[in-house]
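Chain residues, written in single-letter form:
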Amino acid sequence: MRIRAAVSATLASVGILLVGWQSGSHVSPTAGSSIGTSAGTAGSTGKSAATGGASGNSSGASSSGAASGTGTTGTAGSTATTSSGAATGSGSGTYAGSVSQTRYGNVQVQITVSGGKITDVTALQLTDEDRRSVAISSEAAPLLRDEVLQAQSANVQTISGATVTSDGYLSSLQAALDAAKL
Amino acid sequence: MQPSSELGGSALKARTFDSMGTVVSLTVPAGALPRTAGGAELDELDEAAAAVERVFAGFDETFSLYRPDSEASRLARGELSLRKASAGMRDRYADALSWRLMTEGAFSPERPDGVLDLSGIIKGYAIRQAGEVLRGRGITDWCLNAGGDVLVMGSPVPGTGAAWAAGVVDPQDRAALLSAYELGGTGPRQALATSGSAERGDHIWTAGAGGTEFTQVSVAAADIVTADVLATAIVAGGTAMLHRATDGWEIDVLAVRRDGELLATPGFRA
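- Looking at an unreviewed UniProt entry, one finds chain B named FAD:protein FMN transferase and attributed to Arthrobacter oryzae.
- Taken verbatim from the UniProt record of chain B, the Catalytic activity (unreviewed entry) comment is "L-threonyl-[protein] + FAD = FMN-L-threonyl-[protein] + AMP + H(+)".
- For chain B, the Cofactor (unreviewed entry) comment in UniProt is given as "Mg(2+)".

Right, dumping it as C-alpha cells:
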C-alpha cells in the first residue's frame, strides 16, 4: 500500500507537469529537466499532490490552457504556463524525472511521450525505508494460460501442487518423476 | 526453462519416504554427493534421506493431530496447557500467531472449533530444518519436495548455476502442468509452495459460505515457511490477501481462480 501510494503520488505529479509541459512544449530542450525538478517537489507533497494531479492528468491529455490552471502546485505550473501553445506539439521522447524523496522512500519515474501524449509511465527507481530496491511490478495481474511459463513434466525436476495424500502420491506426477530417478 | 535433455535422464537420483500423511522426495544430482568413508555415493544418498526422514518424524511426533499420543493431540484434548507445553510447541505457536498478525488473520493457527492446529506451518519448518541437515552433511545441490512444497539448494547440474525447474500442477487436470518456475541456481527464490482449497489437512478455513475465491495458489519465496504460509493465507484471504502479500513480501505468486482465470506476478510470466 505504501509503495503504491508513493508511486501514484509521483505519477500524479508527473501528470501535473505534463499539463504544463504540453502547453509549454516550445521550449522542449529544457522540458525534460523541468519535469525532473518539479517531480521532486511535487512528489514530496505526498498525498495532496496525488489528488490534484489525478485530475490534471486526465484533462491534460485533451487540452492545454485550462488544465494547467489546475496545476495547484505552484512551482510545477510556473515553468510551464509561460506559453499557451497548442497541446498538439510535436513533442515525443522519453523523460526521466529526478529522484523524489517521499516519506515512502525514493521514487523516480520515467514517462514516454508520443505526439504530445504520455504513452507509458515506468518506475525507474523505488526503494523502501530500508533502502532495499523494490520491484513495483511485483503485483499479480491477470494472465492467459499461454502467457505463463509453460512446461511439460519431462522438462521439470520436481512438481509443486496442493498436498497429496500418501495414497494419492502413487498416481501423481511427482511419483512418476521420482520413479525415473530411483 | 532448462531443457532436461542437458541434464540427462539418469543424472538425478531420488529417495522417497512417507511422513505427515504425504510423501517426501529428496533428489540430488548424481556425482554431487560427498562419499562416505569407504562407502559408495548412493550409500550417502540413503543416509542423507534417512537423516531427512528423522527430521520429519520428529516434527510429526510432536505436532501431528493424527497421532493420539502427540503433544498437539494432548493440547487439543485439553490434557495439556500451552503454558506447560514444550519450548518447541510454544515457539511454533508464537510463530503462527505472528503470521496471523502479518496476514491480518488470513492465516490462523486455530481451527474454527478452537483447536490449535499448527499443521499449516509445521511442514514448512520440517522442510527448512531438513535442508539445514543436508547442508550440514556437505550436500550443496539438492531438491526436497514434501507433498508438493519444494525447497532447493544449488543446481541440478552442479557448478553450472542452472536452476531447478519446478512444475506447478494444473488444478483442473492434476496429470498436467499449469506452469513452471525456476528455483535455486543463481536466482533469489529457493522455495515454492502450493496450497489448494480442497487439500488434505483442512488447514485453510474461510468464513465465506461461497467457498474460496482461489482453487490453487503457488508462492515462490526465498524461504519455505514464508512461501507455505502465504500460499495458505492467499487461498483463505482471496484477492485482498494476494495484493497484501505481493506488496509486503519479496515473492512471486501464481493464483488460479475458481473459474480458471490466472493471476500471476512477472516471475511466472513466460
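Okay, back to it.
## Side note on the overall build of chain A
Here is step 1 of the chain: On a plain count of helices and strands, chain A comes out with seven helices and six strands.
Here is step 2 of the chain: If you list the helices and strands of chain A from N to C, you get α-α-α-α-α-β-β-β-β-β-β-α-α.
Here is step 3 of the chain: For chain A, the proportion of contacts with a sequence separation of at least 24, taken over those separated by at least 6, is 55%.
Here is step 4 of the chain: Element-wise, carbon and sulfur atoms account for 56% of the exposed surface of chain A, whose accessible area totals about 8,600 Å².

## Re the pattern of salt bridges
All names here are of chain B.
Here is step 1 of the chain: A full pass over the atoms with the stated rule returns 16 salt bridges over all chains.
Here is step 2 of the chain: Close ionic contact of E110 with R100 constitutes a salt bridge, the shortest N to O distance being 3.5 Å. Of this pair, E110 sits in the loop between helix 3 (87-102) and helix 4 (119-136) while R100 is found in helix 3, placing the two residues ten residues apart along the sequence.
Here is step 3 of the chain: Judged by its relative accessible area of 28%, R100 is partly exposed.
Here is step 4 of the chain: One salt bridge connects R135 with E132, and the closest N-O pair in it is separated by 3.8 Å. Here E132 and R135 lie together in helix 4, a separation of three residues that amounts to about one turn.
Here is step 5 of the chain: R135 gets classed as partly exposed once you look at its relative accessible area, which sits at 44%.

## Details of unusual backbone geometry
Residue and element names in this part refer to chain B.
Here is step 1 of the chain: Despite not being glycine, M20 has its phi angle at roughly 55°, a positive value.
Here is step 2 of the chain: Tracing the backbone through its elements, the reader meets M20 in the loop between strand 1 (12-19) and strand 2 (22-29).
Here is step 3 of the chain: With a relative accessible area of 14%, M20 lands in the buried category.
Here is step 4 of the chain: Backbone geometry places E104, a non-glycine residue, at a positive phi of 50°.
Here is step 5 of the chain: Along the chain, E104 turns up in the loop between helix 3 and helix 4.
Here is step 6 of the chain: Judged by relative accessible area, E104 falls into the exposed class, the value being 57%.

## Regarding the packing of aromatic side chains
Residues and elements named next belong to chain B.
Here is step 1 of the chain: By the definition in use, this model includes four aromatic pairs over all chains.
Here is step 2 of the chain: Taking the centre distance of 6.1 Å and the plane angle of 25° together, the rings of F59 and F63 count as stacked. Note that F59 and F63 are positioned in helix 1 (residues 41-63) at a spacing of four residues, about one turn of the helix.
Here is step 3 of the chain: Assessed through its relative accessible area of 10%, F63 is described here as buried.
Here is step 4 of the chain: With 5.9 Å between their ring centres and 25° between their planes, W99 and W249 make a pair best called stacked. Taken together, the residues span a long stretch of sequence, with W99 in helix 3 and W249 in the loop between helix 5 (224-248) and strand 9 (252-257) at a distance of 150 residues.
Here is step 5 of the chain: Among the residues examined, W99 registers a relative accessible area of 8% and is labelled buried.
Here is step 6 of the chain: Just above the ring of Y125 sits the side chain of R92; from NZ or CZ to the centre is 4.1 Å.

Cut-offs and rules
Residues numbered from 1 in each chain as written. Chains lettered and ligands numbered in written order. Predicted model: local features only at pLDDT ≥ 70, side-chain atom pairs only at ≥ 80, totals over all residues. Heavy atoms only, no water. UniProt positions renumbered as here; feature names shortened; annotations may be inferred. Helix = DSSP H or I, 4+ residues; strand = E, 2+ residues; numbered from the N terminus. Contact = heavy atoms within 4.5 Å. Areas by Shrake-Rupley, 256 points an atom, 1.4 Å probe, with all protein chains shown as cover. Salt bridge = Lys/Arg side-chain N within 4 Å of Asp/Glu carboxyl O. Buried < 20%, exposed > 50% of the residue type's maximum accessible area, 1.4 Å probe, protein only. Phe/Tyr/Trp six-rings, centres within 6.5 Å; stacked < 30°, edge-to-face > 60°. Lys NZ or Arg CZ within 6 Å of the ring centre and 35° of its normal.

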